[in-house]
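Residues per chain are reported as follows:
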Amino acid sequence: MDDKDATNYYFPPPDYSDLDLSFTSTTTDRTTTTTTTSARSSLARSSLALSFNDRLSTTTNSTSTTLHKRPHRKSDPHWTAIKAASTLSSTGSIHLRHLKLIRHLGTGNLGRVFLCRLRDYDHNTQFALKVVDRDALSPKKLSQVQTEAQILSLLDHPFLPTLYAHIEVSHYTCLLIDYCPNGDLHSLLSKQPSNRLPLESVRFYAAEVLVALEYLHANGVVYRDLKPENVLLREDGHVMLSDFDLCFKSDVVPKLETRSHRRTAGTPRRRRRCNCFSDRRPEEETVMEFVAEPTTAFSKSCVGTHEYLAPELVSGNGHGNGVDWWAFGVLVYELLNGTTPFKGASKEATLRNIASSRGVRFQVEAEEEVVAGMAEARDLIEKLLVKDPRRRLGCARGATDIKRHPFFNGIKWPLIRMYKPPEVRGLVVKKAKSQMSHVTGGSSFQKRRRLWWWKGLNSIMRKSMGAKRNLNSNQNYYCYCYANGSGSKVRKSG
Ligand SMILES: Nc1ncnc2c1ncn2[C@@H]1O[C@H](COP(=O)(O)OP(=O)(O)OP(=O)(O)O)[C@@H](O)[C@H]1O
């Protein structure tokens, strides 16, 4: 049978040689999947979806395969393998018969996830295949599958999954995405003493999650299911958010906004025209900032995970983008404290605590007082866990405001994917060639090499521009190299 026939309601027999992979019973609840081989702890908290009326306009083609091109990932070996396999295919696209299932990774609310690879082409490149039996799902869950497929098809970001293929065969929907061999943050937390991560690791994971949320919000996507269970860890230790079935999409109007801020010591002074009539103090400067936050997003569905629900979600009067910034505050709290801030003896008690006027409390231990950055972390959490979404950090201007919080001081946001992931107990990461530490800036050789590279580039640019100008657009990188370089050279402002 050729590929054309295969796509005509033919479901090719998967390779069952070493596994029992019958594609039935896809509705198992996450909390009851104790027999799966998933890296996820069986104590993972299940998401709830009391109603789901934010249906997206998706058309489901009953037998189709969609290959999604990703301009930012075109040199990625996964794409190379997919392109080669689809070129070899008679239909020019990936079909289930091209995939070899290796093992069952886990079962979710909607379907099963398998580790797989391309059968004939590349044996080293691994993928995760989410298989959903649409016949086994209620209309509400079916709509969640459509949401997940549609959101996945939008994404093109290093901290979010890439959808390599969307295969519709018979009553099965199959989504081919990146495989994350390092489990999720929930299982990583459970391997730590008192379920708590060191502050520097929390800063790293929080920063990457923040950048992923920023991208989702810039695309009008409100995530609504942020929790450690949904923060998967890639092979290289960087994060990948998963599970987009509870998302909803809204309009977003990107804006360039001006903001006045006081220059702090060490911030390079920009050249400004002198304005004798200005009453602005000389230390203040105006910067342009890109803001793309779905501030008009609105939904009334009660979806999410109990301990992570924002008060406006619990009250059921409607919610918007702010639920993700609340959940972000809960996430940072849990990574630092090993538990969530409003957890009660039962789910109902948790919801009551969230809805009450009780603010966030910290269990302060004596030695924590001296941990550098702990006060900033608590301040960030307090600003995110503000019950009134109108006063919550992030709700008005999104990640742009959160990134500026002192907890993230020193992070060079444009370079974050080059940072070396923290070494955490229970985590084995594959080292990438050019990683740098978000704390120390990498090995001294790497630092010197970056400095030489940057100096060389700077001098070429100066020559070509014929003027002694600073590369202001990359000031962050410049400061980074000097501040983390030999240590003897600190860049002077002006
Ligand atoms: N890309 C991936 N790489 C590695 N493991 C994955 C991947 N995606 C999912 N898994 C594993 O498969 C399991 C099921 O995932 P799935 O996304 O279907 O459900 P879920 O995360 O439990 O969420 P929900 O039930 O809300 O859909 C997860 O628990 C996770 O351990």
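Residues numbered from 1 in each chain as written. Predicted model: local features only at pLDDT ≥ 70, side-chain atom pairs only at ≥ 80, totals over all residues. Heavy atoms only, no water.

(A) Spatial organisation of the overall build of the protein chain. Scanning the protein chain for helices and strands turns up twelve helices and 16 strands. Counting all 494 residues of the protein chain, 54% fall into the buried class. Entry remark: accessible area of the protein chain is about 23,700 Å², with carbon and sulfur atoms responsible for 52%. (Helix = DSSP H or I, 4+ residues; strand = E, 2+ residues; numbered from the N terminus. Buried < 20%, exposed > 50% of the residue type's maximum accessible area, 1.4 Å probe, protein only. Areas by Shrake-Rupley, 256 points an atom, 1.4 Å probe, with all protein chains shown as cover.)

(B) Spatial organisation of unusual backbone geometry. The phi torsion at Ser194 lies on the positive side, around 55 degrees, for a residue other than glycine. With respect to the helices, strands and loops of the structure, Ser194 is situated in the loop between α4 (185–190) and α5 (199–218). Backbone geometry places Asn195, a non-glycine residue, at a positive phi of 60 degrees. Tracing the chain through its elements places Asn195 in the loop between α4 and α5. The class for Asn195 is partly exposed, based on a relative accessible area of 32%.

(C) Spatial organisation of the confidence of the model for the protein chain. Considering every residue of the protein chain, the mean pLDDT works out to 78; 68% of them sit at 70 or more. Predicted confidence for residues 51–63 stays below pLDDT 50, and this span has 39 contacts to residues more than four positions away or in other chains. With a pTM of 0.77, the predicted complex shows an ipTM of 0.97. (pLDDT = per-residue confidence, 0-100. Contact = heavy atoms within 4.5 Å.)

(D) View of the side chain of Ser86. Looking at the secondary structure, you find Ser86 in helix α2 (residues 77–88). Residue Ser86 is classed as buried on the basis of its relative accessible area, which comes to 5%. Engagement of the side chain of Ser86 in a polar contact is seen with the backbone oxygen of Ile82, the distance being 2.7 Å. Side-chain polar atoms of Ser86 contact the backbone oxygen of Lys83, separated by 3.1 Å. (Polar contact = N/O pair within 3.5 Å; in protein donor to acceptor, adjacent residues only side chain to side chain.)

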